[in-house]
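Single-letter residue listing:
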Protein chains: 8
Amino acid sequence: MIKNIRRRAALGLGAAALGVAAVTSVAVNASAAETTTPAQPAASAARGDVVANPSLDIDAALRAAQATLKAAEKDGHRVTVVVLDRSGTVQVQLKGDGAGPQTAESATRKAFTAVSFGQPTSALAGRVTGPGATLRDMPGTLFLAGGVPVTVDRQVVGAIGVGGAPSGDLDERYAEAGAATLR
Amino acid sequence: MIKNIRRRAALGLGAAALGVAAVTSVAVNASAAETTTPAQPAASAARGDVVANPSLDIDAALRAAQATLKAAEKDGHRVTVVVLDRSGTVQVQLKGDGAGPQTAESATRKAFTAVSFGQPTSALAGRVTGPGATLRDMPGTLFLAGGVPVTVDRQVVGAIGVGGAPSGDLDERYAEAGAATLR
Amino acid sequence: MIKNIRRRAALGLGAAALGVAAVTSVAVNASAAETTTPAQPAASAARGDVVANPSLDIDAALRAAQATLKAAEKDGHRVTVVVLDRSGTVQVQLKGDGAGPQTAESATRKAFTAVSFGQPTSALAGRVTGPGATLRDMPGTLFLAGGVPVTVDRQVVGAIGVGGAPSGDLDERYAEAGAATLR
Amino acid sequence: MIKNIRRRAALGLGAAALGVAAVTSVAVNASAAETTTPAQPAASAARGDVVANPSLDIDAALRAAQATLKAAEKDGHRVTVVVLDRSGTVQVQLKGDGAGPQTAESATRKAFTAVSFGQPTSALAGRVTGPGATLRDMPGTLFLAGGVPVTVDRQVVGAIGVGGAPSGDLDERYAEAGAATLR
Amino acid sequence: MIKNIRRRAALGLGAAALGVAAVTSVAVNASAAETTTPAQPAASAARGDVVANPSLDIDAALRAAQATLKAAEKDGHRVTVVVLDRSGTVQVQLKGDGAGPQTAESATRKAFTAVSFGQPTSALAGRVTGPGATLRDMPGTLFLAGGVPVTVDRQVVGAIGVGGAPSGDLDERYAEAGAATLR
Amino acid sequence: MIKNIRRRAALGLGAAALGVAAVTSVAVNASAAETTTPAQPAASAARGDVVANPSLDIDAALRAAQATLKAAEKDGHRVTVVVLDRSGTVQVQLKGDGAGPQTAESATRKAFTAVSFGQPTSALAGRVTGPGATLRDMPGTLFLAGGVPVTVDRQVVGAIGVGGAPSGDLDERYAEAGAATLR
Amino acid sequence: MIKNIRRRAALGLGAAALGVAAVTSVAVNASAAETTTPAQPAASAARGDVVANPSLDIDAALRAAQATLKAAEKDGHRVTVVVLDRSGTVQVQLKGDGAGPQTAESATRKAFTAVSFGQPTSALAGRVTGPGATLRDMPGTLFLAGGVPVTVDRQVVGAIGVGGAPSGDLDERYAEAGAATLR
Amino acid sequence: MIKNIRRRAALGLGAAALGVAAVTSVAVNASAAETTTPAQPAASAARGDVVANPSLDIDAALRAAQATLKAAEKDGHRVTVVVLDRSGTVQVQLKGDGAGPQTAESATRKAFTAVSFGQPTSALAGRVTGPGATLRDMPGTLFLAGGVPVTVDRQVVGAIGVGGAPSGDLDERYAEAGAATLR
């Protein structure tokens, strides 16, 4: 309830709800006493200069990641699941028991590719087959199936990536199972 | 309910306003013909699962960066200016003529420190003077004067960092001059 | 109950329960058909040459991470939580809404420090205050409060790290709240 | 002979015009008072030992970057623009609102490729299609359309790189629009 | 005999045998006196929340690595041998006299590939030949012959990688010779 | 006005003298035939938009580096010498016989520090002794004696760095011996 | 003349003894047939232009590493041991069962420090205690006890580093136990 | 003369001549007085445990690098030249005036490839043309013409790499010109 009210304020660009930390005093030396001295005022921008970048909230991102992992575990496969926001930042990472040492990176890169290009990596994979330079040459990408973008109102707001199943198609099936929890 | 209303409003900003790319077909092999085939649908999230992360728009960020650089140039100092958003991503980087090879990194780290801890680095610098572990040990930070956070409604939405003037205090004065254009 | 039985079997070196992937065919080219041809046999080691390295299972690690995040959110603080296993691999990473761009790295390093030295980082922080070389100089570490090791039978099997609260002591309080779910 | 004459002319440009910082006292500890003690003299080289490396000045580089970004925004595309000098150093970086997380790196690499090989990346892309080793294997490069070198008197002095439009050809069109402001 | 007994104890989740460090006081400042103060208690997990990850013990891993190196030296070839555990951590690395500067990395990557995908790299190499994205695009991998996984009860517990012989097939032959010591 | 005049003079230097590569066709696939097709025209900037960045020419830089190394060898010390230009790019690197594995990095960082702050590192070292944040925290720097800036008309155009002698003061003496060849 | 004689003697060690690979054909594509075509002749240097850099041979390095590990295991401590040659290259790395995730890096850095400065790290640690810049600022170093240089005829030819025991003094005691096998 | 005598001692594994630093006291805090206290004795290895790794001496390496650069300059091409020893360490790096920002890395990688595989990169380039995994996948390599190994008595002791000419064949021609000075 409070949560919703707070959020309404957010639409008015109210503070806490926007998902960023309020200006607070910070931790100093771990062994030092905390200070309550008011901080110097930071520069304050006009609302007209601000844009809003939507992302999944952590509850939704985690719900999707858990559903993804459960779908893989149900099939007996060991995977790592990563949910990225639109800035490429990790929101959730879950390493299933027994997932290989390569899975964190492959899941992250598949999600990065999906959030960058706005399509499932399976759809993108078929497009990077030329003999010369392709999007595969872009650092941080991986054009193997297993990455699924998440959208709101046709805007890309994040992506789910999976690595570790015996095929990329399976990885992507699990990512889709996770994404299905968001609808 | 209220939650969704708020969110619909947020999303009612319309796609472009949200500052994220619409789902479009992507570039493939540079030498290949562009395809117009509709992409596979990405996973679509419910609006209730989305939060909005505010940042300066590029016009405001650039205006601030330019004012920062001009203030330094007016004093005859050669600096690099960096504006980061709340995710730590570079929005604007301007290297003044003759700025040294260390200035890009120092400006970036000062901005990173300011956006992470929500205060000017000059205010933070006095707090990391203990003999043991301090926040200085956190990678990517630099607790020298010259980083200024930018807020909206007391929320940190980004920061301006400057490196290259003969003192950090000067660096920070220029960053503040840039931030002043946002009010 | 069944769980424990399974585990006992696991210690009998039964396969699936050991938390590692069985030898299966692997994903190849994303666009290629999957093969069902049996793989070449890998080298098989004698059981007498094997040691077992315990870690939290993913369910327990996630439970702890969620409890950690909830404790921070309840106080209105925006943090990132990381659970590492004894090899330093990320098992769970959760970025709370609005957590700063420095929190993933600080949470990871606190957990790394705790899992490496087997004590809470708050206890370790007081020990790295000398003027010369200390453990702080070891790469990947961060001796600020907020990292808590997890043990089984006095063995370190992992750690929980938290970054983003206004003080390291708060970070560590949340990590402890997460760890409490494991007892 | 001519060489020395040329050099003297170059050095006759006077200090400030050369675009490098004069020898000044430097910032020390952020909390310390600035010193006005004259610094120890640095080694002074003879003018005959010096060559001049031309680059765009920051005003021109920014003008070009802004024109590039505007051209993309006019078409409704979200891109990042990077201007590099001949040493590969970033002079300007502008991230358009909503540009993806991959765009900073792709724009930088396209500009790096253009400034390294002195041609638009679209022209270069057709040349790296062999089955074996090609220039694509050189680290830091990206042979997708979107990078345009800038010359003065047929000398490469920098490059503009763009990433994020639906095709590399569009990226390059915007880079060319920026370069057009330099003529 | 004793060894097996110890192992059985390990399965009882006895401490030392599990191959992880007991909670001990840690080194502080190198010049400081050691403290004997009991450490703060770390969080203790229930046994039911723990899984065991098997790996070769160091004696077995070294025996295999030595046999691998000897086989290569017998043929007059200069190689580096690496044994990784299932988390991708180096257990043993041996650089034969005269092995080239590339061999440590190639041996490590071959072992990483084998431990990730559970098959000899020679078997995997034939599968990554497509024109588009393949598993070769995953960072840290190398699909040249010379990497051999090690299993226990059909579980992958590690891998041996070799680099430096005149052909990958020779590298792999030596890795197999090392693995043969484990049966 | 004066600005343009200055610039025209600089540009009147003619192409080759400016020390940048002319626009030429580039190497493609190593096994492919070279093409003589004229390249697409790159964007051409107006001379008024260009600044000149002076650096030592390679002959002078090498002369200084050799004199530096000889001075160290004469004393029986094993050092690495690095000459950087104002952008931080290596112009010359010479590793004396028997110089340790740390010397390349220390020489580079000393030169980087000297070229960034325009003073010998010995003069700078005394200024970074505070208990809190100092310039030492800036990445890429090293405030030990052994780095000497090179100037022309009081402009910093590069620096010489030395590592490996038994003391930083000796390192710096050799760097000065090298710089003396430039006067 | 004498110079050549000396050198011939050095080279008279015979090829294999010099510890470098003979020029042989190299591995190509893993799936391709090996070629026996004689390679193009490489450039051949005169013997008078060559110096010899001594290092432990692999048998001695491994013997020392094993003795180091055994000494630690005997005390019940879990450590990683690294032997570096004078170029800083890893010759041997052994991770004892249960050694923490930080031990490989700390052992490597201690060995790097010892091989760079030619003294045990315990002796060096006492010298880097100043408030300003010290050798600790040099990347790759770690001035905690546990690194021991190895010499031949007073020449540093390598070093042994240990990490993971409860104190650096213990780490160094084990390194010395390993070094004792070389006398 | 003295030089030769010293070297003769080297063959007897005498100290200074072996090209490694004698055990000396090291630099401490830059501002501290040098100590003359004899260092603790390092571990001393038996001669029978030592192998000698030959490399070019710095004079020869520099002579070759200079000849390489001169050959390129004579043709009007702007290149960077790198000489590596057998451990992959840079002995000499020379950046010709106007050489592009990519040349240092490409020269280094070509030399690394040549010293690793013992053949000119032009000869190796033809061998890495398969559709699947090849040696090109090994990190640090570059199979474009321009790298030439240097041998003594058919032993690879180093390599010369060149980058920046309009074709790899030209790069390699210059590298060969440098190598010719060694015969």
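Note that residues are indexed from 1 along each chain, following the sequence as it is written. Chain labels run from A onward and ligand labels from 1 onward, assigned in the order the entries are written. A pLDDT threshold of at least 70 governs which residues receive local features in this predicted model, and a stricter bar of 80 or more applies before side-chain atom pairs are shown or counted, although totals over entire chains, interfaces and linings include all residues. Side-chain calculation: all heavy atoms of the structure are included, whereas hydrogens and water are not.

Engineer: Let's hear about the packing of helix α2 (residues 58-74) of chain E against helix α5 (residues 168-179) of chain E: which residues, and what values?
Structural biologist: All names here are of chain E. Working convention: axes come from line fits to C-alpha atoms, limited for helices to the stretch in contact. Angles between N-to-C directions cover 0 to 180 degrees. Working definition: helices are DSSP H or I runs of at least four residues, strands are E runs of at least two. Numbering for both runs from the N terminus. At a minimum axis separation of 7 Å, α2 and α5 run at an interaxial angle of 140°. Relative to α5, the element α2 lies oblique. Like other packed secondary-structure pairs, α2 and α5 cross with a definite hand, here right-handed. For the pair α2 and α5, contact is made by Ala-64, Ala-67, Thr-68, Ala-71 and Ala-72 and by Tyr-174, Ala-175, Ala-177 and Gly-178, respectively. For the contact of α2 with α5, the residue count by class is 7 nonpolar, 2 polar and no charged. Between 65 and 115 degrees an angle is taken as roughly perpendicular, under 35 as roughly parallel, over 145 as roughly antiparallel, and anywhere else as oblique. By definition, turning the near helix anticlockwise from the far helix through less than a right angle yields a left-handed crossing, and turning it clockwise yields a right-handed one. Residue contacts are counted whenever heavy atoms from the two residues lie within 4.5 Å of one another. Side-chain classes are defined by residue name, with Ala, Val, Leu, Ile, Met, Phe, Trp, Tyr, Cys and Pro counting as nonpolar, Asp, Glu, Lys and Arg as charged, and the others, Gly among them, as polar.

Engineer: An account of the pattern of salt bridges is requested, with residue identities and associated values reported.
Structural biologist: Put simply, a salt bridge is a Lys or Arg side-chain nitrogen that is within 4 Å of an Asp or Glu carboxyl oxygen. Scanning all chains against the criterion turns up 56 salt bridges over all chains. Residue Arg-63 of chain E pairs with Asp-49 of chain C through a salt bridge whose shortest N-O separation is 2.8 Å. With Arg-63 of chain E in helix α2 and Asp-49 of chain C in the loop between β1 (43-44) and β2 (50-56), the pair connects residues from two separate chains. Three labels apply to residues, based on accessible area from a 1.4 Å probe with only protein chains included: buried if under 20% of the type maximum, exposed if over 50%, partly exposed otherwise in between. In this structure Asp-49 of chain C comes out as buried when scored by relative accessible area, which is 7%. Arg-47 of chain D is the partner of Asp-153 of chain F in a salt bridge, and the nearest nitrogen-oxygen pair spans 2.8 Å.

Engineer: Help me get a handle on the packing of aromatic side chains, residues and values and all.
Structural biologist: Residue and element names in this part refer to chain C. Stacked, tilted and edge-to-face are the three classes applied to pairs of Phe, Tyr and Trp rings, where Trp contributes its six-membered ring and a pair requires centres within 6.5 Å; stacked means planes under 30 degrees apart, edge-to-face means over 60, and tilted covers the rest. Enumeration according to the criterion identifies 8 aromatic pairs over all chains in this entry. Arranged with centres 5.8 Å apart and planes meeting at 35°, the rings of Phe-117 and Phe-143 form a pair that is tilted. Taken as a pair, Phe-117 in helix α3 (residues 103-117) and Phe-143 in the loop between α4 (121-125) and β5 (147-152) lie far apart in primary sequence, 26 residues in all. Given a relative accessible area of 1%, Phe-143 falls into the buried group.

Engineer: With reference to specific residues and values, describe the pairing of strand β4 (residues 90-95) of chain D.
Structural biologist: When you tally the buried positions in β4 of chain D, you get 6 out of 6 residues, the bulk of the element. Summarising the sheet, strand β4 (residues 90-95) of chain B and β4 of chain D pair through 3 bridges and their orientation is antiparallel. Following the sheet pairing, Val-92 of chain B is matched in β4 of chain D by Leu-94 of chain D. Only strands that DSSP links by at least two bridges are regarded as paired with each other. Where strand β3 (residues 80-85) of chain D folds back on β4 of chain D, the antiparallel hairpin that results is connected by 4 residues, among which Gly-88 of chain D adopts a positive phi of roughly 90°.

Engineer: I'd like to hear about the sheet that holds strand β6 (residues 155-163) of chain G, residue by residue, with values.
Structural biologist: Sheet architecture is open: 10 strands sit in the order β1(C)-β5(E)-β6(E)-β3(E)-β4(E)-β4(G)-β3(G)-β6(G)-β5(G)-β1(H), paired in mixed fashion. Only two strands of the sheet have a single neighbouring strand rather than two, namely β1 of chain C together with β1 (43-44) of chain H. Taken together, the 6 bridges between strand β5 (residues 147-152) of chain E and strand β6 (residues 155-163) of chain E define a ladder with antiparallel strand orientation. For Val-148 of chain E, the partnering residue across the bridge sits in β6 of chain E and is Ile-160 of chain E. Sitting on the sheet, helix α2 (residues 58-74) of chain G touches β4 (90-95) of chain E together with β3 (80-85), β4 (90-95) and β6 of chain G, and the angle it makes with β4 of chain G is about 25°.

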